[in-house]
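Chain residues, written in single-letter form:
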Amino acid sequence: MKPRITVITLGVDDLEKSLEFYRDGLDLKTEGIVGKEFEHGAVTFFDLQVGLKLAIWNRKHIDFDAKVSHNESSPTEFTMGHNVGSKEEVNNVMEQAEKAGAFITNPAHETFWGGYSGYFQDPDGHLWEVVWNPQLDIND
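Residues numbered from 1 in each chain as written. Predicted model: local features only at pLDDT ≥ 70, side-chain atom pairs only at ≥ 80, totals over all residues. Heavy atoms only, no water.

**Student:** Give me the nonpolar core: which residues, what numbers.
**Tutor:** If you look at soluble globular proteins, the nonpolar side chains tend to sit buried side by side. With 25 residues, the main nonpolar core has Tyr22, Ile56 and Phe120 as its most contacted residues. If you list the elements that add at least two residues to this core, you get strand 1 (7-12), helix 1 (15-25), strand 4 (52-58), strand 5 (79-84), helix 3 (87-100), strand 7 (116-121) and strand 8 (127-132). Residues within four places of tyrosine 22 in sequence aside, it is in contact with Leu10, Asp27, Leu28, Phe46, Leu54, Ile56, Asp122 and Trp128. (Core = buried A, V, L, I, M, F, W, Y, C linked by side-chain atoms within 4.5 Å. Buried < 20%, exposed > 50% of the residue type's maximum accessible area, 1.4 Å probe, protein only. Helix = DSSP H or I, 4+ residues; strand = E, 2+ residues; numbered from the N terminus. Contact = heavy atoms within 4.5 Å.)

Now the structure itself:
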């Protein structure tokens, strides 16, 4: 296996609601829901950066496709990290997420390791960290 990830898929309960959150609330670019012609195929892809997409797909369809049973999960099993270039940008993204309907689990704050971050959950409970790390150079 080569060290490469090209799609990160989040299981959601309501594809339309999640589409609105990511497209309209967080301003992620997408062509909308595709694959509606397939019984278990409706999915939405968002372009993140060159070579990487975020997908949202109904949890029931992931269960079907992967041949697994849905069970209780915890938001701490997986987090998405969104690194930004400044403390101000952390504050701006956290505010944007909250306006879009996110639940702020930990408001933006100074971290123990010298950075600045905050956490929010999307409408399906997925945990996102918005973080400024003074050791990383973010080039957009």
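**Student:** Report on the side chain of glutamate 129, specifying residues and quantitative values.
**Tutor:** Within the secondary structure layout, glutamate 129 lies in strand 8. Among buried charged residues, glutamate 129 stands out as having no salt bridge; its nearest opposite-charge side chain is lysine 87, 14 Å away. Looking at glutamate 129, its side chain comes within polar contact range of the side chain of serine 117, at 3.3 Å. When residues no more than four places from it in sequence are discounted, the contact partners of glutamate 129 are Met80, Gly81, His82, Ser117, Gly118 and Tyr119. (Lys, Arg positive; Asp, Glu negative; His and termini not counted. Salt bridge = Lys/Arg side-chain N within 4 Å of Asp/Glu carboxyl O. Polar contact = N/O pair within 3.5 Å; in protein donor to acceptor, adjacent residues only side chain to side chain.)

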